[in-house]
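Residues per chain are reported as follows:
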Amino acid sequence: MDNNEELEIVHTPVMLKEVLSFIPENAKIVVDATLGEGGHTKAMLDLNLEVHSFERDSAILEIAKKRLKNYDKFHYYNNTYDKMIEELDDSIIGNVDFMLYDLGVSLFHFKKAERGFSFKDNVRLDMRLGLNEKSAYDVINGYSEEELERIFREYGEMNNARKMANIIIKERNRRKIETSRELENIIFHNTDKSQRYGKIHPATLVFQAIRIEVNDELNILEKSILNIPSILKPSGVVVVMSYHSLEDRIIKRFFKENEKTKNKDGIFKLLNNKVKLPTNEEIKSNPASRSAKMRIAQKL
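Since the structure is predicted, the reported quantities are computational estimates derived from the model, not experimental observations. (Residues numbered from 1 in each chain as written. Predicted model: local features only at pLDDT ≥ 70, side-chain atom pairs only at ≥ 80, totals over all residues. Heavy atoms only, no water.)

Colleague: Explain the nonpolar core here, please?
Modeller: Looking at soluble globular proteins, one finds that nonpolar side chains tend to be buried together. Counting residues in hydrophobic clusters, the biggest one holds 59 residues, and the most contacted among them are M84, M99, Y101, F152, I210 and V238. Apart from residues lying up to four places away in sequence, M99 is in contact with V31, M84, I228, I231, L232, V237, V238 and V239. Ranked by size, the runner-up nonpolar core spans 26 residues in total, among them V14, Y71, V237 and I296. (Core = buried A, V, L, I, M, F, W, Y, C linked by side-chain atoms within 4.5 Å. Buried < 20%, exposed > 50% of the residue type's maximum accessible area, 1.4 Å probe, protein only. Contact = heavy atoms within 4.5 Å.)

Colleague: I keep staring at helix α7 (residues 145-155) and nothing clicks. Help me out?
Modeller: Residues of α7 that are buried: L148, E149, I151, F152 and Y155. Against the buried residues of α7 lie α6 (136-142), α8 (161-174), α10 (204-215), α11 (217-225) and α13 (245-257). Positive phi shows up at E157, right after α7, with a value of about 50°. (Helix = DSSP H or I, 4+ residues; strand = E, 2+ residues; numbered from the N terminus.)

Colleague: Just to check I follow, could you spell out the pattern of salt bridges for this structure?
Modeller: Side chains carrying opposite charge are able to pair once their charged atoms draw close together. For the structure on display, the rule yields 20 salt bridges. A network of salt bridges, in which partner residues are shared, links K134, R150, E154 and E213. (Salt bridge = Lys/Arg side-chain N within 4 Å of Asp/Glu carboxyl O.)

Colleague: How do you make sense of the pairing of strand β4 (residues 96-102) when you look at a structure like this?
Modeller: Walk down a regular strand and you will see the side chains alternate between the two sheet faces. For β4, the buried fraction is high: seven of the seven residues fall into the buried class. Sheet analysis places β4 next to strand β5 (residues 232-242), joined by six bridges and oriented parallel. Residue pairing across strands places M99 opposite V238, the latter belonging to β5. (Pairing = 2+ DSSP bridges.)

Colleague: Please clarify how the sheet that holds β5 should be interpreted in this entry.
Modeller: Either a parallel or an antiparallel arrangement is found when strands of a sheet pair, and the pairing is made through backbone hydrogen bonds. In spatial order, the strands read β3-β2-β1-β4-β5-β7-β6; together these seven strands make up an open sheet with mixed pairing. Edge positions in the sheet fall to β3 (74-77) and β6 (268-270), since each has one partner strand and no second. Going across the sheet, the axis of each strand differs from the next one's by a mean of 20°, ignoring polarity. Pairing analysis gives three bridges linking strand β1 (residues 29-32) to β4, with the strands arranged parallel. (Axes fitted to C-alpha atoms, helices over the stretch in contact; angles between N-to-C directions.)

Colleague: Honestly, the packing of aromatic side chains in this entry has me stumped. Any pointers?
Modeller: The relation between two aromatic rings is expressed through the spacing of the ring centres and the mutual angle of the planes. Inspection of every chain in the model, using the stated rule, returns six aromatic pairs. Ring centres of F54 and Y77 lie 4.7 Å apart, and the angle between their planes is 20°; this geometry places the pair in the stacked category. Within this pair, whereas F54 is found in strand β2 (residues 50-54), its partner Y77 is found in strand β3, the two being separated by 23 residues in sequence. You'll find F54 and Y77 in the same group, each marked buried. Ring geometry for Y81 and Y101: centres 5.4 Å apart, planes at 80°, overall edge-to-face. With Y81 in the loop between β3 and α4 (84-87) and Y101 in strand β4, this pair connects stretches of sequence that are 20 residues apart. The pair formed by Y81 and Y101 is uniform in burial state, with each residue classed as buried. Aromatic ring contacts, followed pair by pair, group F254, F255 and F268 into a single cluster. (Phe/Tyr/Trp six-rings, centres within 6.5 Å; stacked < 30°, edge-to-face > 60°.)

Here you go:
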């Protein structure tokens, strides 16, 4: 790498040491389902592995491409990770030694993208991770009250989903809700005073729900994990890091349903019975890792 070229990297790869520890000996080909700014991919390239990385956001992909331009074994795909079967060459499918899914949203999107992921920024509501037409503005200003209630309940797991949907409808009838700050103010001032200053900002779950809806995150995850058995070679390993209960539930269920036990045939052997969590030291140095949960499985 050219150390003289300065690139501003804002996202630190989560649980990097743990990720690398599960790469099988003599591995040659790996897939990084979530390239981001390229932290995990770079570490795997440094092990002289052939890395095939997926990134749906062309803006963040450009950063990763510049960062990794001197690695001959770096292959990238500007697509969502449910499109692996379509994108990967036939010679790769079934011969992958290791797969990584880091399902967290890169800090790049919160700090640099200016698409309204963070309610601290006063920018137009967007929240697109790329390759999709629908934006957060479209959801907030176009969805019916029933649709808003559904995504708040399902994707935000909010107890006050109906109330919040009704409030947003009333507010947007006065005028369109344009920016992340406007939406945050509406949520904050219509939340019970007793809940305004808790550990979690009252807007957090609303923003999570909208982001998941805009980017179809859970459906893409559900589709993608069904392809893991076809892509991995026998004895290949998959590591998945999730950051909220909805994702973790999908992964946990998929591994359990396909786990080989004494009483049933299966595709996978689970390499951890309990989720792996980041160390206290990592959480202190990289707060973005605090909610990470890692699950690992090996194809039989």
